[in-house]
Amino acid sequence: MAGDDRVWKDKELSRIFLDNVRGGIPFAAEQIEILHAVVSHALPEVSNFLDIGCGDGVLGKTVLLKYPASKGVFLDFSPPMIEKATANLAHFKGRTDLVLRDIGEKGWAESVAQKAPFDLVVSGLAIHHQSDESKLRIYGDIFGLLKPGGVFLNIEHVLSPTELVKATADDYFIDSLYEYNRARGLTREEVAGEFYNRVDKAANILTPVETQCGWLKSIGFTDVDCFFKVFELAVFGGRRPASSGTD
């Protein structure tokens with residue numbers, strides 16, 4: 001069963017996340033930098049891509065900027081997020097399609113099938129809201145949407161292996177949020193209180209990155225790796241083989 005990710009349909013919660021949290025995520029810029037480093041080595045060009053759980057479109061926007069000839073499909077199940085993405089991507093007229101659909105529902109891939117196959121599928125902090133069963137199914141759906149040789153990369157919140165690692169990760173995240181939110185005049189204790197008592201916490205279903213990389217391999221992805229990991233923040237993915245033979 002998926003986490004209660006219905007909270008992300010709430011306009012105020014979406015605003016709070018975008019204004020007070022996302023910019024405070026540790027190593028956010030570095031994660032996107034690593035993602036693009038992998039893409040640039042794996043693909044000669046990106047003509048079309050899919051951003052799953054696009055939020056306000058920030059991740060897919062970096063693809064549009066890096067590859068000026070590319071077109072992107074931005075998919076999210078939250079109307080407030082799609083609304084924000086529409087505004088943020090207005091400059092890229094004719095290069096974007098925005099789709100309101102829940103990847104937790106079987107058959108979601110049909111909503112983007114006409115735009116497939118894709119050179120690249122990316123996702124940022126979205127799939128961890130799904131149960132393990134759904135995650136595995138979604139990864140299989142993504143494999144089916146990729147061109148031969150196409151790449152899938154996931155910037156994700158993953159499960160800590162021990163309580164020590166989790167506690168360290170939480171403190172590191174709180175420190176980052178505290179620095180980011182200095183203008184709000186909150187104490188670190190107040191920021192920590194917001195962090196531990198956030199209403200979206202129940203929507204998180206975290207899974208070890210090693211387990212998820214194993215799933216990708218079992219589906220048929222090659223070049224599977226965790227390309228970046230600091231505590232519970234990871235960038236991982238792989239490629240659909242370029243041919244039916246050994247890649």
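Below or above, wherever it landed, is the structure these notes cover. (Residues numbered from 1 in each chain as written. Predicted model: local features only at pLDDT ≥ 70, side-chain atom pairs only at ≥ 80, totals over all residues. Heavy atoms only, no water.)

### Digging into the packing of aromatic side chains
Cut-off, in case you're wondering: We call Phe, Tyr and Trp rings a pair once their centres come within 6.5 Å, taking the six-membered ring for Trp, and we label the pair stacked below 30 degrees between planes, edge-to-face above 60, and tilted otherwise. Counting from the N terminus, the helices are the DSSP runs of H or I reaching at least four residues and the strands are the DSSP runs of E reaching at least two. Think of it in three bands: with a 1.4 Å probe and only protein chains considered, a residue is buried below 20% of the maximum accessible area for its type, exposed above 50%, and partly exposed in between.
Tallied over the full model, the rule gives ten aromatic pairs. With a centroid separation of 5.8 Å and an interplanar angle of 75 degrees, the aromatic rings of phenylalanine 49 and phenylalanine 74 are classed as edge-to-face. On the criterion of sequence distance, the pair formed by phenylalanine 49 in strand E1 (residues 48-52) and phenylalanine 74 in strand E2 (residues 71-76) is long-range, its members being 25 residues apart. Judged by its relative accessible area of 0%, phenylalanine 49 is buried. By relative accessible area, which is 0% here, phenylalanine 74 ends up buried. Among the aromatic residues, ring-to-ring pairing joins Tyr139, Phe143, Phe152, Trp215 and Phe221 into one connected group.

### So, the pairing of strand E7 (residues 233-239)
Our working rule: The pairing criterion is simple: DSSP has to find at least two bridges between the two strands.
Within E7, seven of the seven residues are buried, leaving the element largely enclosed by the surrounding structure. Alternating residues of E7 divide into Leu233, Val235, Gly237 and Arg239 and Ala234, Phe236 and Gly238, and every residue in both groups is buried. Note that strand E5 (residues 146-157) and E7 share seven bridges and pair antiparallel. Each residue of the ladder has a partner; that of phenylalanine 152, found in E7, is glycine 238. The hairpin turn running from strand E6 (residues 222-230) into E7, its antiparallel successor, is two residues long, and phenylalanine 231 in that turn takes a positive phi close to 55 degrees.

### Details of the pattern of salt bridges
Operational definition: A carboxyl oxygen of Asp or Glu within 4 Å of a side-chain nitrogen of Lys or Arg is what we treat as a salt bridge.
A complete count under the given rule lists nine salt bridges for this structure. The residue lysine 135 makes a salt bridge to aspartate 132 at a minimum N-O spacing of 3.4 Å. Remark: aspartate 132 and lysine 135 occur in helix H5 (residues 132-145); sequence separation between them is three residues, near one turn of the helix. With relative accessibility at 0%, the residue lysine 135 sits in the buried group. Residue aspartate 132 is classed as partly exposed on the basis of its relative accessible area, which comes to 34%. Two residues, aspartate 223 and arginine 239, come together in a salt bridge whose shortest N-O distance is 2.8 Å. With a gap of 16 residues between them, aspartate 223 in strand E6 and arginine 239 in strand E7 connect regions that are remote in the sequence. Through salt bridges with shared partners, a single network forms among Asp171, Asp175 and Arg188.

### Considering the sheet that holds strand E4 (residues 118-124)
Rule in force here: Every axis in this analysis is a line fitted to C-alpha atoms, fitted for helices over the stretch in contact. Angles between the N-to-C directions lie between 0 and 180 degrees. Contact definition: two residues touch when any of their heavy atoms are within 4.5 Å.
Reading across from one edge, E3-E2-E1-E4-E5-E7-E6 is the order of the seven strands in this open sheet, with mixed pairing throughout. A single partner strand is all that each edge strand has here, and the edge strands are strand E3 (96-100) and E6. Taken pair by pair, the neighbouring strands of this sheet meet at an average axis angle of 15 degrees, ignoring direction. Examined bridge by bridge, E1 and E4 share four bridges and lie parallel to one another. Directly across from isoleucine 52, in E4, lies its bridge partner serine 123. Where H5 meets the sheet, it contacts E1, E4, E5 and E7, and its direction lies at approximately 145 degrees from that of E5.

### Brief notes about the environment of lysine 115
How we decide: Counted as a polar contact is a pair of N or O atoms within 3.5 Å, where, for protein atoms, one must be capable of donating a hydrogen and the other of accepting one, and residues adjacent in sequence contribute only when both atoms are in side chains.
Looking at where lysine 115 falls in the secondary structure, it is placed in the loop between E3 and E4. The exposure class assigned to lysine 115 is partly exposed, which follows from its relative accessible area of 44%. When the C-alpha atoms of lysine 115 and lysine 71 are compared, they prove to be 9.7 Å apart, with 44 residues separating the residues in sequence. Contact partners of lysine 115, with chain neighbours within four places excluded, come to Asn48, Val73 and Asp97. One polar contact links lysine 115 to aspartate 97, side chain to side chain, over a distance of 3.3 Å.

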